[in-house]
Amino acid sequence: MALHKNITVFPKLFLEERVKKLYSSFEYFNEEIINEGLNTAYEDFYSFKLIPEYFKLNQRNSEYKTKKIPQHNWGYAILLNKARSVDHYLQLQFNSKKRSIVKRYINRLESCFDIHYKLYYGDLSKADYHSIMESLKNMIAVRFKELNDTHKNLREWDFLLSSTYDKIINKTASLFVIYNREEPIEISLNYHYHKILFSYVSSYNIDYSKFGLGHVEIFKQIEWCLKNDYILFEMGVGGTDYKRRWSNHIYRYYHYIVYSNKAILSGTYNTLKYSLKEYLKSKTPEKISQKLSNIKKRHRKIPEVLITHKETTNTDTNLNSKMSNAKVIDFNDKPNRFLRKHVFNFLYATVYHNKTIKVYKISDKEYVIKGKEKYQSIVLY
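Reference entry: report on the structure contained in this document. Keep in mind that this is a model prediction, so the values were computed, not measured.

1. A closer look at the overall build of the protein
Step number 1: Helix and strand counts for the protein come out as 12 helices and 16 strands.
Step number 2: Expressed as a percentage of the 381 residues in the protein, the buried residues total 45%.
Step number 3: Here the contacts in the protein between residues at least 6 apart in sequence split such that 72% fall between residues at least 24 apart.
Step number 4: Counting only carbon and sulfur atoms, one obtains 49% of the accessible surface of the protein, whose full area is about 20600 Å².

Structure below.
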(Lines give C-alpha, C1' and ligand atoms only; values in the text may rest on other atoms or scores of the structure.)
Protein backbone atom coordinates (compact mmCIF):
# COMPACT_ATOMS: atom_id res chain seq x y z
CA MET A 1 0.00 0.00 0.00
CA ALA A 2 1.32 3.42 -0.94
CA LEU A 3 2.51 5.72 1.82
CA HIS A 4 0.31 8.72 2.47
CA LYS A 5 0.84 11.67 4.75
CA ASN A 6 0.86 10.63 8.37
CA ILE A 7 -2.10 11.77 10.47
CA THR A 8 -0.75 13.53 13.57
CA VAL A 9 -2.57 13.43 16.90
CA PHE A 10 -1.56 15.26 20.06
CA PRO A 11 0.00 12.27 21.94
CA LYS A 12 2.55 12.08 19.12
CA LEU A 13 2.79 15.82 18.47
CA PHE A 14 3.52 16.76 22.09
CA LEU A 15 6.52 14.42 22.17
CA GLU A 16 8.23 16.11 19.23
CA GLU A 17 11.37 18.09 20.14
CA ARG A 18 10.28 21.17 18.18
CA VAL A 19 7.04 21.30 20.19
CA LYS A 20 8.74 20.80 23.55
CA LYS A 21 11.18 23.55 22.59
CA LEU A 22 8.30 25.94 21.88
CA TYR A 23 6.27 25.14 25.01
CA SER A 24 7.65 24.96 28.55
CA SER A 25 4.69 22.93 29.80
CA PHE A 26 1.24 21.55 29.05
CA GLU A 27 -1.68 21.57 31.49
CA TYR A 28 -4.90 19.56 31.48
CA PHE A 29 -7.45 18.75 34.20
CA ASN A 30 -5.19 19.93 37.06
CA GLU A 31 -2.25 17.95 35.66
CA GLU A 32 0.97 19.56 34.40
CA ILE A 33 3.70 18.19 32.15
CA ILE A 34 7.01 20.08 32.30
CA ASN A 35 9.13 20.09 29.15
CA GLU A 36 12.86 20.35 29.79
CA GLY A 37 14.85 22.85 27.75
CA LEU A 38 16.23 21.50 24.47
CA ASN A 39 18.99 22.65 22.14
CA THR A 40 16.64 22.35 19.16
CA ALA A 41 16.48 25.57 17.16
CA TYR A 42 13.30 27.62 17.05
CA GLU A 43 11.36 27.75 13.80
CA ASP A 44 9.80 30.96 12.52
CA PHE A 45 6.40 29.42 11.81
CA TYR A 46 4.38 26.54 13.31
CA SER A 47 1.01 25.04 12.42
CA PHE A 48 -0.60 22.52 14.79
CA LYS A 49 -4.01 21.06 14.00
CA LEU A 50 -6.49 19.27 16.26
CA ILE A 51 -5.31 20.55 19.65
CA PRO A 52 -7.99 19.71 22.26
CA GLU A 53 -9.42 22.76 23.99
CA TYR A 54 -8.84 21.24 27.43
CA PHE A 55 -5.08 21.65 26.99
CA LYS A 56 -3.29 24.82 28.04
CA LEU A 57 0.01 25.24 26.18
CA ASN A 58 2.51 27.47 27.98
CA GLN A 59 4.88 29.18 25.57
CA ARG A 60 8.56 29.73 26.40
CA ASN A 61 9.25 32.63 24.09
CA SER A 62 6.90 35.61 24.49
CA GLU A 63 8.03 37.04 21.14
CA TYR A 64 5.93 34.43 19.32
CA LYS A 65 2.32 35.22 18.50
CA THR A 66 -0.36 32.53 18.66
CA LYS A 67 -3.65 32.48 16.78
CA LYS A 68 -6.13 29.81 17.86
CA ILE A 69 -8.64 28.95 15.15
CA PRO A 70 -11.73 27.01 16.30
CA GLN A 71 -12.09 23.91 14.15
CA HIS A 72 -15.36 22.42 13.00
CA ASN A 73 -14.36 19.19 14.73
CA TRP A 74 -15.45 17.77 18.06
CA GLY A 75 -13.59 15.32 20.24
CA TYR A 76 -14.89 12.66 22.60
CA ALA A 77 -13.24 11.53 25.82
CA ILE A 78 -13.95 9.75 29.08
CA LEU A 79 -12.77 11.70 32.11
CA LEU A 80 -12.12 9.25 34.94
CA ASN A 81 -11.19 11.54 37.82
CA LYS A 82 -14.50 10.89 39.60
CA ALA A 83 -14.68 7.14 38.95
CA ARG A 84 -13.52 4.66 41.61
CA SER A 85 -13.85 1.67 39.28
CA VAL A 86 -15.15 0.79 35.84
CA ASP A 87 -18.44 -0.34 37.39
CA HIS A 88 -18.67 2.99 39.19
CA TYR A 89 -18.15 4.79 35.87
CA LEU A 90 -21.02 2.78 34.37
CA GLN A 91 -23.25 3.96 37.22
CA LEU A 92 -22.22 7.57 36.64
CA GLN A 93 -22.67 7.43 32.86
CA PHE A 94 -25.54 5.03 32.10
CA ASN A 95 -28.99 4.19 33.36
CA SER A 96 -29.66 0.67 34.61
CA LYS A 97 -30.94 -0.57 31.23
CA LYS A 98 -27.83 0.56 29.36
CA ARG A 99 -25.56 -0.80 32.10
CA SER A 100 -27.21 -4.19 31.75
CA ILE A 101 -26.68 -4.13 27.97
CA VAL A 102 -22.93 -3.53 28.39
CA LYS A 103 -22.68 -6.29 31.02
CA ARG A 104 -24.69 -8.63 28.78
CA TYR A 105 -22.21 -8.15 25.95
CA ILE A 106 -19.31 -9.09 28.24
CA ASN A 107 -21.05 -12.00 29.94
CA ARG A 108 -22.29 -13.55 26.72
CA LEU A 109 -18.94 -13.13 24.99
CA GLU A 110 -17.16 -14.87 27.87
CA SER A 111 -19.87 -17.56 28.14
CA CYS A 112 -19.82 -18.46 24.44
CA PHE A 113 -16.05 -18.40 23.80
CA ASP A 114 -12.71 -18.92 25.53
CA ILE A 115 -11.98 -15.21 25.91
CA HIS A 116 -8.90 -13.51 27.29
CA TYR A 117 -7.65 -9.92 27.12
CA LYS A 118 -4.12 -8.64 26.59
CA LEU A 119 -2.56 -5.16 26.53
CA TYR A 120 0.87 -5.19 24.88
CA TYR A 121 2.75 -2.31 26.45
CA GLY A 122 6.55 -2.41 26.57
CA ASP A 123 6.88 -6.11 25.76
CA LEU A 124 5.97 -7.63 22.40
CA SER A 125 7.89 -9.79 19.93
CA LYS A 126 8.21 -8.49 16.38
CA ALA A 127 6.56 -11.63 15.00
CA ASP A 128 3.52 -11.17 17.25
CA TYR A 129 3.46 -7.46 16.44
CA HIS A 130 3.28 -8.02 12.69
CA SER A 131 0.67 -10.75 13.13
CA ILE A 132 -1.58 -8.51 15.29
CA MET A 133 -1.19 -5.52 12.97
CA GLU A 134 -2.04 -7.66 9.94
CA SER A 135 -5.17 -8.86 11.75
CA LEU A 136 -6.12 -5.27 12.56
CA LYS A 137 -5.62 -4.19 8.95
CA ASN A 138 -7.76 -7.06 7.67
CA MET A 139 -10.51 -6.31 10.20
CA ILE A 140 -10.64 -2.67 9.07
CA ALA A 141 -10.69 -3.62 5.39
CA VAL A 142 -13.45 -6.22 5.78
CA ARG A 143 -15.58 -4.05 8.06
CA PHE A 144 -15.42 -1.01 5.79
CA LYS A 145 -15.98 -3.08 2.68
CA GLU A 146 -19.24 -4.16 4.29
CA LEU A 147 -20.01 -0.47 4.89
CA ASN A 148 -19.07 0.34 1.29
CA ASP A 149 -16.52 2.85 2.62
CA THR A 150 -12.75 3.37 3.08
CA HIS A 151 -11.10 3.89 6.45
CA LYS A 152 -8.73 6.88 6.69
CA ASN A 153 -6.10 4.90 8.62
CA LEU A 154 -5.53 2.49 5.74
CA ARG A 155 -4.08 5.46 3.84
CA GLU A 156 -1.26 5.72 6.36
CA TRP A 157 -0.85 2.01 7.08
CA ASP A 158 2.75 1.68 5.87
CA PHE A 159 3.82 4.48 8.19
CA LEU A 160 1.87 3.03 11.12
CA LEU A 161 3.38 -0.40 10.62
CA SER A 162 6.95 0.86 10.40
CA SER A 163 6.76 3.33 13.29
CA THR A 164 4.53 1.79 15.95
CA TYR A 165 6.60 -1.16 17.18
CA ASP A 166 9.30 1.01 18.76
CA LYS A 167 6.61 3.14 20.39
CA ILE A 168 5.12 0.03 22.03
CA ILE A 169 8.54 -1.02 23.34
CA ASN A 170 9.14 2.56 24.59
CA LYS A 171 5.68 2.65 26.20
CA THR A 172 4.31 5.52 24.17
CA ALA A 173 1.92 3.16 22.36
CA SER A 174 0.16 -0.13 23.03
CA LEU A 175 -1.98 -2.79 21.39
CA PHE A 176 -5.06 -4.02 23.22
CA VAL A 177 -6.37 -7.36 21.94
CA ILE A 178 -9.44 -9.43 22.71
CA TYR A 179 -8.71 -13.09 21.94
CA ASN A 180 -11.01 -16.03 21.34
CA ARG A 181 -8.46 -18.68 22.28
CA GLU A 182 -5.58 -17.68 19.96
CA GLU A 183 -7.66 -15.68 17.45
CA PRO A 184 -7.65 -11.87 17.76
CA ILE A 185 -11.26 -10.75 17.41
CA GLU A 186 -10.91 -7.07 18.42
CA ILE A 187 -7.81 -4.87 18.39
CA SER A 188 -7.14 -1.29 19.45
CA LEU A 189 -3.96 0.64 18.69
CA ASN A 190 -3.44 3.23 21.43
CA TYR A 191 -1.06 6.08 22.19
CA HIS A 192 0.01 6.91 25.73
CA TYR A 193 0.75 10.41 26.94
CA HIS A 194 1.21 11.18 30.63
CA LYS A 195 -2.10 10.02 32.23
CA ILE A 196 -3.98 9.78 28.93
CA LEU A 197 -4.73 6.67 26.89
CA PHE A 198 -5.64 7.66 23.32
CA SER A 199 -7.49 5.01 21.34
CA TYR A 200 -6.24 5.86 17.85
CA VAL A 201 -7.62 3.11 15.65
CA SER A 202 -9.61 0.01 16.52
CA SER A 203 -11.63 -2.61 14.74
CA TYR A 204 -13.18 -6.02 15.23
CA ASN A 205 -14.03 -9.21 13.39
CA ILE A 206 -17.52 -8.60 12.00
CA ASP A 207 -18.43 -12.26 12.54
CA TYR A 208 -18.67 -11.35 16.25
CA SER A 209 -20.64 -8.13 15.72
CA LYS A 210 -23.61 -9.34 17.79
CA PHE A 211 -21.41 -9.29 20.91
CA GLY A 212 -20.78 -5.51 20.93
CA LEU A 213 -17.00 -5.85 20.90
CA GLY A 214 -16.50 -2.07 20.67
CA HIS A 215 -18.28 -1.67 24.01
CA VAL A 216 -16.34 -4.57 25.53
CA GLU A 217 -13.07 -2.98 24.41
CA ILE A 218 -13.92 0.38 25.98
CA PHE A 219 -15.02 -1.29 29.24
CA LYS A 220 -11.79 -3.28 29.52
CA GLN A 221 -9.55 -0.35 28.58
CA ILE A 222 -11.25 1.91 31.14
CA GLU A 223 -10.63 -0.85 33.67
CA TRP A 224 -6.92 -0.82 32.74
CA CYS A 225 -6.77 2.99 32.91
CA LEU A 226 -8.21 3.11 36.42
CA LYS A 227 -5.87 0.39 37.68
CA ASN A 228 -2.91 2.35 36.28
CA ASP A 229 -3.92 5.82 37.54
CA TYR A 230 -4.84 7.24 34.12
CA ILE A 231 -7.42 10.01 34.23
CA LEU A 232 -8.50 10.24 30.59
CA PHE A 233 -9.53 7.70 27.96
CA GLU A 234 -9.43 9.58 24.65
CA MET A 235 -11.41 8.52 21.61
CA GLY A 236 -10.45 11.48 19.45
CA VAL A 237 -12.32 13.25 16.70
CA GLY A 238 -15.64 12.13 15.23
CA GLY A 239 -18.97 11.52 16.89
CA THR A 240 -19.89 7.90 16.27
CA ASP A 241 -22.78 6.49 18.26
CA TYR A 242 -20.70 4.46 20.71
CA LYS A 243 -18.40 7.44 21.39
CA ARG A 244 -21.38 9.63 22.26
CA ARG A 245 -22.75 6.99 24.61
CA TRP A 246 -19.53 6.51 26.55
CA SER A 247 -18.16 10.08 26.58
CA ASN A 248 -18.65 12.38 29.52
CA HIS A 249 -16.38 15.08 28.06
CA ILE A 250 -17.10 16.45 24.58
CA TYR A 251 -14.79 19.22 23.47
CA ARG A 252 -13.72 21.37 20.55
CA TYR A 253 -10.44 21.24 18.65
CA TYR A 254 -8.28 24.23 17.76
CA HIS A 255 -5.78 24.90 15.01
CA TYR A 256 -2.76 26.77 16.42
CA ILE A 257 -0.86 29.15 14.15
CA VAL A 258 2.35 30.27 15.91
CA TYR A 259 4.86 32.63 14.34
CA SER A 260 7.70 35.04 15.12
CA ASN A 261 8.16 38.61 13.84
CA LYS A 262 10.13 37.16 10.93
CA ALA A 263 7.06 35.29 9.71
CA ILE A 264 4.27 37.85 10.16
CA LEU A 265 3.14 37.58 6.54
CA SER A 266 3.07 33.78 6.66
CA GLY A 267 1.32 33.78 10.02
CA THR A 268 -1.32 36.28 8.91
CA TYR A 269 -1.92 34.52 5.59
CA ASN A 270 -2.32 31.09 7.19
CA THR A 271 -4.56 32.46 9.93
CA LEU A 272 -6.90 33.93 7.31
CA LYS A 273 -6.73 30.86 5.10
CA TYR A 274 -7.58 28.33 7.82
CA SER A 275 -10.18 30.61 9.41
CA LEU A 276 -11.98 30.79 6.06
CA LYS A 277 -11.62 27.03 5.59
CA GLU A 278 -13.21 26.32 8.98
CA TYR A 279 -15.97 28.85 8.31
CA LEU A 280 -16.85 27.15 5.01
CA LYS A 281 -16.70 23.75 6.68
CA SER A 282 -19.15 24.94 9.35
CA LYS A 283 -21.58 26.09 6.65
CA THR A 284 -21.58 22.81 4.77
CA PRO A 285 -24.96 21.21 5.40
CA GLU A 286 -24.66 18.06 7.47
CA LYS A 287 -27.48 16.60 5.37
CA ILE A 288 -25.05 16.23 2.46
CA SER A 289 -22.79 13.84 4.35
CA GLN A 290 -25.87 12.04 5.67
CA LYS A 291 -27.21 11.61 2.13
CA LEU A 292 -23.86 10.21 1.00
CA SER A 293 -23.91 7.79 3.91
CA ASN A 294 -27.43 6.67 3.01
CA ILE A 295 -26.41 6.12 -0.63
CA LYS A 296 -23.51 3.92 0.49
CA LYS A 297 -25.83 1.93 2.74
CA ARG A 298 -28.24 1.31 -0.14
CA HIS A 299 -25.41 -0.14 -2.20
CA ARG A 300 -24.28 -2.63 0.43
CA LYS A 301 -24.49 -6.25 -0.61
CA ILE A 302 -26.97 -7.97 1.68
CA PRO A 303 -26.43 -11.75 1.95
CA GLU A 304 -29.31 -13.74 0.59
CA VAL A 305 -29.93 -15.92 3.63
CA LEU A 306 -33.18 -17.09 5.19
CA ILE A 307 -32.83 -17.97 8.89
CA THR A 308 -35.39 -19.79 11.01
CA HIS A 309 -35.26 -20.63 14.73
CA LYS A 310 -36.90 -23.79 16.03
CA GLU A 311 -36.99 -25.95 19.14
CA THR A 312 -35.81 -29.53 18.72
CA THR A 313 -38.40 -32.17 19.54
CA ASN A 314 -38.53 -35.93 19.20
CA THR A 315 -41.57 -35.56 16.97
CA ASP A 316 -39.78 -33.44 14.36
CA THR A 317 -39.24 -36.44 12.11
CA ASN A 318 -38.50 -34.34 9.05
CA LEU A 319 -35.59 -32.58 10.72
CA ASN A 320 -34.31 -35.76 12.38
CA SER A 321 -34.35 -37.50 9.04
CA LYS A 322 -32.44 -34.66 7.39
CA MET A 323 -29.82 -34.51 10.13
CA SER A 324 -29.34 -38.27 10.33
CA ASN A 325 -28.17 -38.26 6.71
CA ALA A 326 -26.27 -34.96 6.94
CA LYS A 327 -22.57 -34.37 7.37
CA VAL A 328 -21.24 -32.50 10.42
CA ILE A 329 -18.91 -29.74 9.20
CA ASP A 330 -16.37 -27.44 10.82
CA PHE A 331 -17.65 -23.87 10.37
CA ASN A 332 -14.09 -22.58 10.94
CA ASP A 333 -12.79 -24.33 7.82
CA LYS A 334 -12.21 -21.89 4.98
CA PRO A 335 -15.00 -23.16 2.67
CA ASN A 336 -17.51 -22.87 5.54
CA ARG A 337 -16.43 -19.60 7.14
CA PHE A 338 -19.37 -17.74 5.61
CA LEU A 339 -21.46 -19.54 8.26
CA ARG A 340 -19.51 -18.15 11.22
CA LYS A 341 -21.56 -14.99 11.66
CA HIS A 342 -24.79 -17.03 11.70
CA VAL A 343 -23.29 -19.50 14.16
CA PHE A 344 -22.11 -16.70 16.46
CA ASN A 345 -25.50 -14.95 16.30
CA PHE A 346 -27.05 -18.27 17.34
CA LEU A 347 -24.61 -18.51 20.25
CA TYR A 348 -25.46 -14.99 21.38
CA ALA A 349 -29.19 -15.78 21.36
CA THR A 350 -28.86 -19.14 23.14
CA VAL A 351 -25.76 -18.46 25.32
CA TYR A 352 -24.36 -21.86 24.32
CA HIS A 353 -20.59 -22.29 24.31
CA ASN A 354 -19.21 -22.69 20.81
CA LYS A 355 -17.73 -26.10 21.71
CA THR A 356 -21.17 -27.51 22.49
CA ILE A 357 -22.86 -26.96 19.12
CA LYS A 358 -22.68 -28.80 15.83
CA VAL A 359 -23.26 -27.57 12.29
CA TYR A 360 -24.86 -29.94 9.77
CA LYS A 361 -24.70 -29.57 6.02
CA ILE A 362 -28.05 -30.73 4.67
CA SER A 363 -27.26 -29.59 1.12
CA ASP A 364 -25.33 -26.85 -0.66
CA LYS A 365 -28.24 -24.54 0.16
CA GLU A 366 -29.28 -25.69 3.62
CA TYR A 367 -27.50 -25.97 6.96
CA VAL A 368 -28.54 -26.59 10.54
CA ILE A 369 -26.86 -25.24 13.70
CA LYS A 370 -27.77 -27.51 16.61
CA GLY A 371 -27.33 -26.99 20.33
CA LYS A 372 -28.54 -29.00 23.29
CA GLU A 373 -32.18 -27.89 23.12
CA LYS A 374 -32.39 -25.49 20.19
CA TYR A 375 -31.42 -25.45 16.58
CA GLN A 376 -31.34 -22.92 13.76
CA SER A 377 -31.94 -23.59 10.08
CA ILE A 378 -30.05 -21.58 7.47
CA VAL A 379 -31.33 -21.66 3.92
CA LEU A 380 -29.41 -19.92 1.12
CA TYR A 381 -31.37 -18.76 -1.89
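Let us keep going from here.
2. Brief notes about the nonpolar core
Step number 1: Counting residues in hydrophobic clusters, the biggest one holds 52 residues, and the most contacted among them are Phe 14, Tyr 23, Phe 26, Phe 48, Phe 55 and Leu 175.
Step number 2: By residue number, the principal contributor to this core is helix α5 (residues 126-146), which donates 7 residues.
Step number 3: Apart from residues no more than four positions distant in its own chain, Tyr 23 is found in contact with Asn 35, Phe 48, Leu 57, Asn 58, Gln 59, Arg 60, Tyr 256 and Val 258.
Step number 4: Formed by 49 residues, the second largest nonpolar core is a distinct cluster that contains Val 102, Leu 119, Tyr 348 and Val 359.

3. A few points about α5
Step number 1: Between its first and last C-alpha atoms α5 spans 30 Å; for 21 residues at 1.5 Å apiece the expected length is 30 Å, and the two agree.
Step number 2: Turning to α5, its buried residues number three or more, namely Tyr 129, Ile 132, Met 133, Ser 135, Leu 136, Met 139, Ile 140 and Phe 144. Relative to the axis of α5, the buried residues are bounded by an arc of 155° and lie together on one face. Residues of α5 that are exposed and point over 90 degrees away from its buried face: Ala 127 and Lys 145.

4. Thoughts on the packing of aromatic side chains
Step number 1: Applying the stated rule across the entire model yields 32 aromatic pairs.
Step number 2: With a centroid separation of 5.9 Å and 50° between ring planes, the pair formed by Tyr 23 and Phe 26 is classed as tilted.
Step number 3: For Tyr 23, a relative accessible area of 1% gives the class buried.
Step number 4: Looking at Phe 26, the relative accessible area reads 0%, which means it is buried.
Step number 5: Ring centres of Tyr 28 and Phe 29 lie 6.4 Å apart, and the angle between their planes is 80°; this geometry places the pair in the edge-to-face category.
Step number 6: It is Lys 12 that lies over the ring of Tyr 200; its NZ or CZ is 5.4 Å from the centre.

5. Some points on the sheet that holds strand β8 (residues 183-193)
Step number 1: Ordered in space as β3-β11-β5-β10-β9-β8-β7-β6, the 8 strands form an open sheet in which the pairing is mixed. Two strands lie at the open edges of the sheet, namely β3 (45-52) and β6 (115-120), each paired on one side alone. Neighbour-to-neighbour, the strand axes of this sheet turn through a mean angle of 30°, independent of strand direction.
Step number 2: Bridge count between β8 and strand β9 (residues 196-204): 8 bridges; the pairing is antiparallel. By the bridge assignment for β9, Asn 190 is matched with Ser 199.
Step number 3: Those strands touched by helix α4 (residues 96-112) are β6, β7 (173-180) and β8, and its axis lies near 110° from that of β6.

6. Notes on the sheet that holds strand β1 (residues 23-28)
Step number 1: Spatially, β2-β1-β4 is the arrangement adopted by the 3 strands of the open sheet, whose pairing is antiparallel. The open sheet terminates on both sides in strands that have one partner only, identified here as β2 (31-34) and β4 (56-59). Strand after strand, the sheet turns through a mean of 20° between neighbouring axes, direction not considered.
Step number 2: Examined bridge by bridge, β1 and β4 share 4 bridges and lie antiparallel to one another. Across the sheet, the residue bridging to Phe 26 is Leu 57, located in β4.

7. Brief notes about unusual backbone geometry
Residues apart from glycine generally show negative phi values, whereas peptide bonds are mostly found in trans.
Step number 1: The phi torsion at Lys 171 lies on the positive side, around 65°, for a residue other than glycine.
Step number 2: Mapped onto the elements, Lys 171 comes out in the loop between α6 (157-169) and β7.
Step number 3: Of note in the backbone geometry, Asp 229 takes a positive phi value of approximately 65° without being a glycine.
Step number 4: Relative to the assigned elements, Asp 229 resides in the loop between α7 (213-227) and β10 (232-237).

8. Description of the packing of helix α3 (residues 86-93) against α7
Step number 1: The geometry of α3 relative to α7 is characterised by a closest axis approach of 9 Å and an angle of 120° between their N-to-C directions. The angle between α3 and α7 places the two elements in the oblique class. Residue-level contacts link Val 86, Asp 87, Tyr 89 and Leu 90 of α3 to Phe 219, Ile 222, Glu 223 and Leu 226 of α7.
Step number 2: Tallied by class, residues from the contact of α3 with α7 come to 6 nonpolar, no polar and 2 charged.

The rules behind each value
Residues numbered from 1 in each chain as written. Predicted model: local features only at pLDDT ≥ 70, side-chain atom pairs only at ≥ 80, totals over all residues. Heavy atoms only, no water. Helix = DSSP H or I, 4+ residues; strand = E, 2+ residues; numbered from the N terminus. Buried < 20%, exposed > 50% of the residue type's maximum accessible area, 1.4 Å probe, protein only. Contact = heavy atoms within 4.5 Å. Areas by Shrake-Rupley, 256 points an atom, 1.4 Å probe, with all protein chains shown as cover. Core = buried A, V, L, I, M, F, W, Y, C linked by side-chain atoms within 4.5 Å. Expected span 1.5 Å × (residues − 1). Arc of directions from axis to C-beta. Phe/Tyr/Trp six-rings, centres within 6.5 Å; stacked < 30°, edge-to-face > 60°. Lys NZ or Arg CZ within 6 Å of the ring centre and 35° of its normal. Pairing = 2+ DSSP bridges. Axes fitted to C-alpha atoms, helices over the stretch in contact; angles between N-to-C directions. Parallel < 35°, antiparallel > 145°, perpendicular 65-115°, else oblique. Nonpolar A, V, L, I, M, F, W, Y, C, P; charged D, E, K, R; others polar.

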